[in-house]
Amino acid sequence: MIGRGIMRWLVAWTAALNLTGCAAGADPWITPPPVAPPDMRVVAPVVGMEATVPELVPPPPESMVNDEILSSPMTRDAEFQERVAFWVEHWTTTASGWFPDYLERMARFVPGVDSALARGELPPSLRYLPVIESGYSPRAVSTASAAGLWQFMAPTARGFGMEVTPLLDERRNPMKSTEAAVDFLQSLRERFGSWYLALAAYNSGPGRVRRMLDRYAPMVPTSDSLYWALRHRLPRETRDFVPKLLAAAQVASNPRVYGYDVPADTLGFLFDTVTVPDASTLDVVALAAEAPQDEIERLNPEIVRGITPPGRITPLRVPLGSGAVFRENYERIPASDRVTFVEHRVASGETLSHIALRYRIPLRDLEAANPGVDARLLQIGQRLTVPIAPSRGRSSR
């Protein structure tokens, strides 16, 4: 009887993929309305650099029905259905303490994710992939050092054009990482000819999946069923990766059925885009934008240490409607006052390693904040910028 119940929900998913429609109290069996107008507005930047924000594109209605992942023949397999049911139980019991937070964050970011998937002509159900990867948290970091909504490893991220440094980690940028994830998923689908194998490769690495296929099924056409047949050759997490995804989709697409409150209506991840011409700390950005510092930090999760990279133009996000006041206020702040981080004077016998240890920060962060400093030529009295805001760290010497 488990199989029939799961099949009913698998059918229901194709009509209940839009969280915003459910959040508004709409019948999940009715095709959801188009995605709202663009949720990102750009104002004139500080130094005249134009920011490019893609227009939000709603998924075509037919894609809701013809989702290759949800309509795979594997969804009719009894053993596969049992694993989906197992993970539905997980999301509604073990994970019940944090799943509501996942839904809240998903409501914020999913308009942009849906749009990127639609532009890439990818299955809309991939909107649930960040649920199981990061709980839709841009700041999520795994034990393997994968980061961001889509949990990119640093080498993969760099391969898709994202910068990963001690001060700036674009894996945490919701827009850039989503665009990169679309490109990565497209390439995996083309390479493996099956969405389930592509998802296994996304989770465990394309090289691992390729080696598995070459060794155990060299002459077998790739398919979703081949993933399931060879899953015991994959890492433990990857074996159930697809059932876990489908279970998350089942619960997140209709949270009320599973005892969760529907997130409040949201317009998405809204902001104005501005730029700063050199190193600036986020407390100064917040002051110029007349906004709380924690809101500036929430809007700019890729700024890892609270300071923008020195010697270059950096785009930033400020609350919607505050771009103009930011520009006016920021231009009045002297360049010398745009960084409020701790300044350290080098004492006799100190090295960069000693200084980093004293302030409890990684050495690479200290080096990144002082790009012109040669560790071998430190001088007594030399001033160093320590990337810890005064309100969060120790006072300077």
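Read on for an overview of the structure. Just so it is clear, the model here is predicted, and its values are computed rather than measured.

1. Things to note about the packing of aromatic side chains
No. 1: Per the stated rule, a full pass over the model turns up 16 aromatic pairs.
No. 2: Plain terms: the ring middles of Phe99 and Tyr102 are 5.8 Å apart, the flat faces sit at 50° to each other, and that makes the pair tilted. Placement of the pair is Phe99 and Tyr102 together in helix α5 (residues 99-119), with a separation of 3 residues, close to one helical turn.
No. 3: Of the aromatic side chains, those joined through ring pairs into one cluster are Phe80, Tyr196, Tyr227 and Trp228.
No. 4: Geometry around Phe86 places Arg83 over its ring, the cationic atom sitting 4.3 Å from the centre.
No. 5: Lying across the ring of Phe271, Arg317 places its NZ or CZ 5.6 Å from the centre.

2. Remarks on the nonpolar core
No. 1: Counting 70 residues, the largest nonpolar core has Trp91 and Leu129 as its most contacted members.
No. 2: Ignoring sequence-local partners within four residues, the contact set of Leu129 consists of Trp150, Leu185, Leu199, Tyr202, Phe241 and Leu245.
No. 3: Residues Val274, Ala289, Leu316 and Ile333 belong to the second largest nonpolar core, which totals 17 residues.

3. Remarks on α5
No. 1: Over its 21 residues, α5 extends 28 Å from the first C-alpha to the last, a length consistent with the 30 Å expected when each residue adds 1.5 Å.
No. 2: Along α5, the sharpest change in direction is near 55° and occurs at Phe109; proline Pro111 comes one to four residues later.
No. 3: Phi for Glu121, located one or two positions after α5, is positive at around 55°.

4. Considering the side chain of Ser137
No. 1: You can see Ser137 is positioned in the loop between α6 (129-134) and α7 (154-159).
No. 2: Beyond its immediate stretch of four places on either side in the chain, Ser137 contacts Arg105, Gly148 and Leu149.

5. Remarks on the packing of helix α9 (residues 195-204) against helix α10 (residues 206-216)
No. 1: Contact pair α9 / α10: the axes reach a minimum separation of 6 Å and the direction vectors enclose 130°. Overall, the two elements α9 and α10 adopt an arrangement that is oblique. Note on element contacts: α10 touches α9 through Pro206, Arg208, Val209, Met212 and Leu213, opposite Leu197, Ala200, Ala201 and Ser204.
No. 2: Looking at the contact of α9 with α10 residue by residue, the class counts come to 7 nonpolar, 1 polar and 1 charged.

6. Observations regarding the side chain of Asp272
No. 1: Relative to the helices and strands, Asp272 resides in strand β2 (residues 272-276).
No. 2: Engagement of the side chain of Asp272 in a polar contact is seen with the backbone nitrogen of Ser322, the distance being 3.2 Å.

7. Some details on helix α13 (residues 241-252)
No. 1: For α13, built from 12 residues, the straight-helix expectation of 16 Å at 1.5 Å per residue is met to within 8% by its first-to-last C-alpha distance of 16 Å.
No. 2: With 12 of 12 residues buried, α13 lies mostly within the body of the structure.
No. 3: Among the residues of α13, Phe241, Val242, Pro243, Lys244, Leu245, Leu246, Ala247, Ala248, Ala249, Gln250, Val251 and Ala252 are the ones counted as buried.

8. Describing unusual backbone geometry
No. 1: If you check the backbone angles, Ser145 has positive phi at about 75° while not being a glycine.
No. 2: Here Ser145 lies in the loop between α6 and α7.
No. 3: A relative accessible area of 45% means that Ser145 is categorised as partly exposed.
No. 4: The backbone of Glu290 shows a phi angle near 55°, a positive value even though the residue is not glycine.
No. 5: Glu290 gets classed as exposed once you look at its relative accessible area, which sits at 59%.

9. Regarding the pattern of salt bridges
No. 1: Under the counting rule described, the total for this entry stands at 14 salt bridges.
No. 2: Between Arg317 and Glu302 there is a salt bridge, with the nearest N and O atoms lying 2.6 Å from each other. Pair noted here: Arg317 is in strand β3 (residues 314-318) and Glu302 is in the loop between α15 (293-299) and β3, with a separation of 15 residues, a long-range link.
No. 3: A residue is classified by how much of its surface remains accessible, and Arg317, at 6% relative accessible area, is buried.
No. 4: A salt bridge links Glu328 to Arg332; the nearest nitrogen and oxygen atoms lie 2.9 Å apart. Pair noted here: Glu328 and Arg332 are both in helix α16 (residues 323-332), with a separation of 4 residues, about one helical turn.
No. 5: On the accessibility criterion, Glu328 (42% relative accessible area) is partly exposed.
No. 6: Owing to a relative accessible area of 60%, Arg332 belongs among the exposed residues under this scheme.

Rules behind the numbers
- Residues numbered from 1 in each chain as written.
- Predicted model: local features only at pLDDT ≥ 70, side-chain atom pairs only at ≥ 80, totals over all residues.
- Heavy atoms only, no water.
- Phe/Tyr/Trp six-rings, centres within 6.5 Å; stacked < 30°, edge-to-face > 60°.
- Helix = DSSP H or I, 4+ residues; strand = E, 2+ residues; numbered from the N terminus.
- Lys NZ or Arg CZ within 6 Å of the ring centre and 35° of its normal.
- Core = buried A, V, L, I, M, F, W, Y, C linked by side-chain atoms within 4.5 Å.
- Buried < 20%, exposed > 50% of the residue type's maximum accessible area, 1.4 Å probe, protein only.
- Contact = heavy atoms within 4.5 Å.
- Expected span 1.5 Å × (residues − 1).
- Bend = angle between axes of the 7 residues up to and from the residue.
- Axes fitted to C-alpha atoms, helices over the stretch in contact; angles between N-to-C directions.
- Parallel < 35°, antiparallel > 145°, perpendicular 65-115°, else oblique.
- Nonpolar A, V, L, I, M, F, W, Y, C, P; charged D, E, K, R; others polar.
- Polar contact = N/O pair within 3.5 Å; in protein donor to acceptor, adjacent residues only side chain to side chain.
- Salt bridge = Lys/Arg side-chain N within 4 Å of Asp/Glu carboxyl O.

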